[in-house]
Amino acid sequence: ETGVTQTPRHLVMGMTNKKSLKCEQHLGHNAMYWYKQSAKKPLELMFVYNFKEQTENNSVPSRFSPECPNSSHLFLHLHTLQPEDSALYLCASSQVGGGGYEQYFGPGTRLTVT
Amino acid sequence: AQTVTQSQPEMSVQEAETVTLSCTYDTSESDYYLFWYKQPPSRQMILVIRQEAYKQQNATENRFSVNFQKAAKSFSLKISDSQLGDAAMYFCAYSGSARQLTFGSGTQLTVLP
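This structure is a prediction, so every number in the text was calculated from the model and none was measured.

So, how was this worked out
Residues numbered from 1 in each chain as written. Chains lettered and ligands numbered in written order. Predicted model: local features only at pLDDT ≥ 70, side-chain atom pairs only at ≥ 80, totals over all residues. Heavy atoms only, no water. Helix = DSSP H or I, 4+ residues; strand = E, 2+ residues; numbered from the N terminus. Rg over C-alpha atoms; globule rule 2.2 N^0.38 Å. Buried < 20%, exposed > 50% of the residue type's maximum accessible area, 1.4 Å probe, protein only. Contact = heavy atoms within 4.5 Å. Areas by Shrake-Rupley, 256 points an atom, 1.4 Å probe, with all protein chains shown as cover. Lys, Arg positive; Asp, Glu negative; His and termini not counted. Charge placed at Lys NZ, Arg CZ, Asp CG, Glu CD. Buried area = accessible area lost by both parts, 1.4 Å probe. Salt bridge = Lys/Arg side-chain N within 4 Å of Asp/Glu carboxyl O. Polar contact = N/O pair within 3.5 Å; in protein donor to acceptor, adjacent residues only side chain to side chain. Nonpolar A, V, L, I, M, F, W, Y, C, P; charged D, E, K, R; others polar. Pairing = 2+ DSSP bridges. Core = buried A, V, L, I, M, F, W, Y, C linked by side-chain atoms within 4.5 Å. Phe/Tyr/Trp six-rings, centres within 6.5 Å; stacked < 30°, edge-to-face > 60°.

Peer 1: Help me understand the overall build of chain B, please; the structure alone is not making it clear to me.
Peer 2: When helices and strands are tallied, chain B shows zero helices and twelve strands. Here the C-alpha radius of gyration of chain B, 13 Å, is about what a compact globule of 113 residues would show, namely 13 Å. Dimensions along the principal axes, computed over C-alpha positions, put chain B at roughly 40 × 25 × 20 Å. A burial count over chain B gives 49% of its 113 residues as buried. Across chain B, contacts joining residues at least 24 apart in sequence account for 54% of those joining residues at least 6 apart. On chain B, roughly 5400 Å² of surface is accessible, and the fraction owed to carbon and sulfur atoms is 45%. Computed over 9 positive and 10 negative side-chain charges, the separation of the two mean positions in chain B equals 6 Å.

Peer 1: I keep staring at the interface of chain B and chain A and nothing clicks. Help me out?
Peer 2: Frequently, the measure chosen for interface size is the accessible area that the parts lose on association. If you look at the interface, chain B gives 17 residues, while chain A gives 22 residues. For the pair chain B and chain A, the summed buried area comes to about 1600 Å², and 55% of that belongs to carbon and sulfur atoms. By the criterion of area lost to chain A, the three top residues of chain B are Arg43, Arg99 and Gln100 of chain B, representing 32% of everything that side buries. Applying the counting rule to chain B against chain A returns one salt bridge. A salt bridge links Arg50 of chain B to Glu102 of chain A, with the shortest nitrogen-to-oxygen separation between them at 2.5 Å. The interface formed by chain B and chain A contains six residue pairs in polar contact (both at pLDDT 80 or more). For the side of chain B that touches chain A, the secondary structure elements donating two or more residues are strand S5 (33-39), strand S6 (46-52), strand S10 (88-95) and strand S11 (101-103) of chain B. With four residues, the single largest contributor to the side of chain B that touches chain A is S5 of chain B. Residues belonging to the side of chain B that touches chain A are distributed by class as follows: eight nonpolar, six polar and three charged.

Peer 1: Quick question: what am I supposed to make of the pattern of salt bridges here?
Peer 2: Opposite charge on two side chains allows them to pair when their charged atoms are near. Evaluated as defined, the whole model comprises six salt bridges over all chains. Among the ionic pairs, Asp85 of chain A bridges to Arg63 of chain A, the shortest N-O distance being 2.7 Å. In this pair, Asp85 of chain A sits in the loop between strand S8 (73-79) and strand S9 (87-94) while Arg63 of chain A sits in the loop between strand S6 (53-57) and strand S7 (64-70), placing the two residues 22 residues apart along the sequence. Residues Glu52 of chain B and Arg50 of chain B are paired through a salt bridge, measuring 2.7 Å at the closest nitrogen-oxygen approach. Since its relative accessible area comes to 10%, Glu52 of chain B is described here as buried. Judged by relative accessible area, Arg50 of chain B falls into the partly exposed class, the value being 27%. Several salt bridges converge on common partners, so that one network encompasses Glu102 of chain A together with Arg50, Glu52 and Lys55 of chain B.

Peer 1: Whenever I open this one, the pairing of strand S3 (residues 18-25) of chain A confuses me. Can you help?
Peer 2: Along any regular strand the residues' side chains alternate between the sheet's two faces. Residues and elements named next belong to chain A. For strand S1 (residues 4-7) and S3, the ladder comprises four bridges, and the chain directions are antiparallel. Opposite Thr5, over in S3, you have Glu24 as the bridge partner. Taken together, the seven bridges between S3 and S8 define a ladder with antiparallel strand orientation. For Glu24, the partnering residue across the bridge sits in S8 and is His73.

Peer 1: Explain the nonpolar core to me, please; I cannot follow it from the model alone.
Peer 2: The nonpolar side chains of a soluble globular protein tend to be buried, and buried together. Residue and element names in this part refer to chain B. If you look at the biggest cluster of nonpolar residues, it comprises 25 residues, and the most contacted ones within it are Tyr25, Trp36, Phe75, Leu77 and Tyr90. Broken down by secondary-structure element, the contributors of at least two residues to this core are strand S3 (19-21), S5, S6, strand S8 (64-69), strand S9 (74-79), S10 and strand S12 (107-112). In terms of residues, this core owes the most to one element, S10, which gives four residues. For Phe75, the contacting residues outside a window of four places in its chain are Cys23, Tyr25, Leu34, Phe35, Trp36, Gln51, Val66, Asn67, Phe68 and Cys92.

Peer 1: Would you explain the packing of aromatic side chains in this entry?
Peer 2: The relative placement of two aromatic rings is captured by the distance of their centres and the angle of their planes. Evaluation of the coordinates by the stated rule reveals 14 aromatic pairs over all chains. Aromatic ring contacts, followed pair by pair, group Tyr33, Tyr35 and Phe105 of chain A together with Phe35, Tyr37, Phe91 and Phe103 of chain B into a single cluster.

Structure representation (structure tokens):
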């Protein structure tokens with residue numbers, strides 16, 4: 001248990017569906033991240049939020065829409081996805097402003113787009 | 001941009017033996033952190049150990065230790081007394097001034113009974 005939870009753990013959706021992934025951290029951190037992990041590829045950083053402000057968007061398609069209502073919660077809204085978006089989506093949090101900025105990860109959401 | 005290279009896609013070790021996983025990185029920064037993460041079949045990414053670049057002493061966490069060679073930009077992980085539960089994908093990661101993690105491609109470790 002890392003103090004970061006993600007729901008749902010598994011999600012199957014059609015290309016015309018709209019769904020959301022949720023992440024919650026109980027560590028008192030002030031930064032949160034979304035990563036995509038596909039088979040045979042390194043982890044890809046998608047979005048970064050520091051103090052609820054988005055500071056990084058690594059050329060992610062607009063069909064992925066992040067939302068960070070407060071420093072403990074992070075959402076990833078999904079719409080009109082493509083089959084190549086099937087992957088493990090990992091959320092992480094860290095404390096920016098002190099220490100080594102190590103990130104603590106949630107268990108991930110396994111997304112399958114049909 | 002920083003890069004992290006793990007040149008061993010797969011490694012295996014006999015239970016109770018010692019194994020070393022390699023990692024090299026490229027950076028022009030002098031102040032940074034290095035990490036090893038473990039991802040078992042459950043896919044939960046777990047922090048194993050961290051090293052601050054300004055510290056010459058190698059980090060140790062129980063059976064896990066690192067060999068940090070700053071001049072050579074090398075950061076290897078040694079696992080002693082390997083256990084079946086150590087079987088996982090291991091990722092080396094770098095965090096510099098941008099305070100974001102750059103991951104290597106991973107090394108799949110198999111522990112043989």
